[in-house]
Amino acid sequence: DTGVSQDPRHKITKRGQNVTFRCDPISEHNRLYWYRQTLGQGPEFLTYFQNEAQLEKSRLLSDRFSAERPKGSFSTLEIQRTEQGDSAMYLCASSLRGDTEAFFGQGTRLTVV
Amino acid sequence: AQSVTQLGSHVSVSEGALVLLRCNYSSSVPPYLFWYVQYPNQGLQLLLKYTSAATLVKGINGFEAEFKKSETSFHLTKPSAHMSDAAEYFCAVTHPGGNEKLTFGTGTRLTIIP
């Protein structure tokens, strides 16, 4: 078990471009979460999957954001038409239903220039 | 609704001194509470968690926290600070039985003075 893996670790993009991040959870974990963390703040919940079903989305997740977990394993988070305000650390976490502990990945730091 | 307030965005203590990081929560139902640590440009690592069993919870690296319902608090302590404790610490709350998403505080940056 190698833990939660996120790719890439860093991404610099120009405003208006699309970006996609990937998260590979711990293999037996059926729950997957995306959080966003801006400088000097705590992580904020974006969305949650149980297996392949996306069960909750935060109001922070505008229509430029889309997340998928097609086979209930890895997940992708896409941001279309990036804006400077999207610059943040995007964190993925996974857990087993019924287990209170969520394991976090190292995060993807996005910088929009 | 649930929320967490961390008093003190920056705390400095001398090496070997007591560490006390404060966390107060608001929750309409009995909460589960967590402390996470984050090192620069890293993800979050769980230090300890309260899940309605013992109110005094011991975690990794010598940290512990006490759940006090009457004070709606879950403060993090360590008897003797070490240089390696310098990091950002986050308190978080969730409700059991639902999707168990975490609501985090704004964090406390701990600096250790040699």
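Counting restarts for each chain, with residues numbered from 1 along the sequence as it is written. Note on labels: chains are lettered from A, ligands numbered from 1, in written order. Under the rules for a predicted model, residues below a pLDDT of 70 receive no local features and side-chain atom pairs below 80 are neither given nor counted, while totals for whole chains, interfaces and linings still include all residues. With hydrogens and water stripped out, all remaining heavy atoms of the structure feed into the side-chain values.

1. Looking at the overall build of chain A
Next up, step 1: Secondary structure elements are defined from DSSP: runs of H or I of at least 4 residues count as helices, runs of E of at least 2 residues count as strands, and each element is numbered from the N terminus. Along chain A, the regular secondary structure elements total zero helices and eleven strands.
Next up, step 2: Going from the N terminus to the C terminus, chain A shows its helices and strands as β-β-β-β-β-β-β-β-β-β-β.
Next up, step 3: As a reference, a globule follows 2.2 Å times the number of residues to the power 0.38, and the radius of gyration itself is taken over C-alpha atoms. For chain A, the C-alpha radius of gyration of 13 Å lies close to 13 Å, the compact-globule estimate for 113 residues.
Next up, step 4: Projected onto the principal axes, the alpha-carbon positions of chain A cover approximately 40 × 25 × 25 Å.
Next up, step 5: Within chain A, the fraction of its 113 residues that count as buried is 49%.
Next up, step 6: Put simply, 52% of the contacts in chain A that link residues at least 6 apart link residues at least 24 apart.
Next up, step 7: For chain A, the exposed area adds up to about 5,700 Å²; of that, 43% sits on carbon and sulfur atoms. Each residue is placed in one exposure class: buried if its accessible area under a 1.4 Å probe, protein chains only, is under 20% of its type's maximum, exposed if it is over 50%, and partly exposed if it falls in between. Every residue pair with non-hydrogen atoms within 4.5 Å of one another is taken to be in contact. Computed by Shrake-Rupley with a 1.4 Å probe, the accessible areas treat only the displayed protein chains as cover when residues are assessed.

2. Structural notes on the interface of chain A and chain B
Next up, step 1: The interface of chain A with chain B comprises 22 residues on the first partner and 20 residues on the second.
Next up, step 2: Put simply, buried area is the surface a 1.4 Å probe can reach on two separate parts but cannot reach once they are joined, added for both. Of the roughly 1,800 Å² buried between chain A and chain B on both sides combined, carbon and sulfur atoms contribute 47%.
Next up, step 3: When the area that chain A buries against chain B is broken down by residue, the three leading residues are Pro43, Thr100 and Phe104 of chain A, summing to 28%.
Next up, step 4: We define a salt bridge as a side-chain nitrogen of Lys or Arg found within 4 Å of a carboxyl oxygen belonging to Asp or Glu. Seen at the junction of chain A and chain B, the total is two salt bridges.
Next up, step 5: One salt bridge connects Lys101 of chain B with Glu56 of chain A, and the closest N-O pair in it is separated by 2.5 Å.
Next up, step 6: Pairs of N or O atoms are called polar contacts if they sit within 3.5 Å, as long as, within protein, a hydrogen donor faces a hydrogen acceptor (for residues adjacent in sequence, only side-chain-to-side-chain pairs). Our enumeration of links across chain A and chain B arrives at five residue pairs in polar contact (both at pLDDT 80 or more).

3. Notes on the nonpolar core
All names here are of chain B.
Next up, step 1: In this structure, Trp35, Leu48, Leu76 and Tyr89 are the most contacted members of the largest nonpolar core, which totals 26 residues.
Next up, step 2: Put simply, the parts of the chain that give this core at least two residues each are strand S2 (10–14), strand S3 (19–21), strand S5 (32–38), strand S6 (44–50), strand S8 (64–68), strand S9 (73–78), strand S10 (87–94) and strand S12 (108–113).
Next up, step 3: Sort the elements by how many residues they give to this core and S10 lands first, with four residues.
Next up, step 4: Among all residues touching Leu76, those that are not within four sequence positions of it are Val19, Leu20, Leu21, Trp35, Leu47, Leu48, Phe63, Glu64, Ala65 and Tyr89. The criterion is simple. A nonpolar core is a set of buried Ala, Val, Leu, Ile, Met, Phe, Trp, Tyr and Cys residues joined through side-chain atoms within 4.5 Å.

4. Here's the deal with the pairing of strand S5 (residues 44–50) of chain A
All names here are of chain A.
Next up, step 1: Burial analysis of S5 places six of its seven residues in the buried class, the great majority of the element.
Next up, step 2: The sheet contact formed by strand S4 (residues 31–37) and S5 spans six bridges and is antiparallel. The residue bridging Leu32 from the neighbouring strand is Phe49, located in S5.
Next up, step 3: Two strands form a pair only when DSSP identifies at least two bridges running between them. What sits between the antiparallel neighbours S4 and S5 is a turn of six residues, in which Gly40 has the positive phi angle 80 degrees.
Next up, step 4: Between S5 and strand S6 (residues 53–57), which follow one another and run antiparallel, lie two residues, and Asn51 among them has a positive phi close to 55 degrees.

5. A closer look at the pattern of salt bridges
Pairing is possible between side chains that carry opposite charge, provided their charged atoms lie close to one another.
Next up, step 1: Summed over all chains, the structure comprises eight salt bridges over all chains.
Next up, step 2: Between Lys58 of chain B and Glu64 of chain B there is a salt bridge; the shortest N-O distance is 2.8 Å.
Next up, step 3: Here Lys58 of chain B falls in the exposed class, since its relative accessible area comes to 62%.
Next up, step 4: Between Arg109 of chain B and Glu88 of chain B there is a salt bridge, and its shortest N-O distance comes to 2.9 Å. Linking Arg109 of chain B in strand S12 with Glu88 of chain B in strand S10, this pair joins segments that are 21 residues apart in sequence.
Next up, step 5: Accessibility expressed as a relative area gives 40% for Arg109 of chain B, which makes it partly exposed.
Next up, step 6: Looking at Glu88 of chain B, the relative accessible area reads 11%, which means it is buried.
Next up, step 7: The structure contains a network of salt bridges with shared partners spanning Arg64, Glu83 and Asp86 of chain A.

6. Overview of the side chain of Gln6 of chain A
Residue and element names in this part refer to chain A.
Next up, step 1: On the secondary structure map, Gln6 appears in strand S1 (residues 5–7).
Next up, step 2: For Gln6, a relative accessible area of 7% gives the class buried.
Next up, step 3: Polar side-chain contacts of Gln6 include one of 3.0 Å to the backbone oxygen of Tyr90.
Next up, step 4: A distance of 2.9 Å separates the side chain of Gln6 from the backbone nitrogen of Cys92, its partner in a polar contact.

7. Focus on the state of the cysteines
Next up, step 1: In this description, the term disulfide denotes a pair of cysteine sulfurs within 2.5 Å. Using the criterion set out here, one finds two disulfides over all chains in the structure.
Next up, step 2: Bridging Cys23 of chain A to Cys92 of chain A, the disulfide has an S-S length of 1.9 Å. Its S-S torsion of about -70 degrees marks the bond between Cys23 of chain A and Cys92 of chain A as left-handed, since a negative value means left-handed. One end of the pair, Cys23 of chain A, is in strand S3 (residues 19–24); the other, Cys92 of chain A, is in strand S9 (residues 88–95), and 69 residues separate them in sequence. Side by side, Cys23 of chain A and Cys92 of chain A carry an identical accessibility label, which is buried.
Next up, step 3: Here Cys23 of chain B is linked by a disulfide to Cys91 of chain B, with a sulfur-sulfur distance of 2.0 Å. With the S-S dihedral at roughly -65 degrees, the linkage between Cys23 of chain B and Cys91 of chain B falls on the left-handed side.

None of the figures reported here should be taken as evidence of function without further support.
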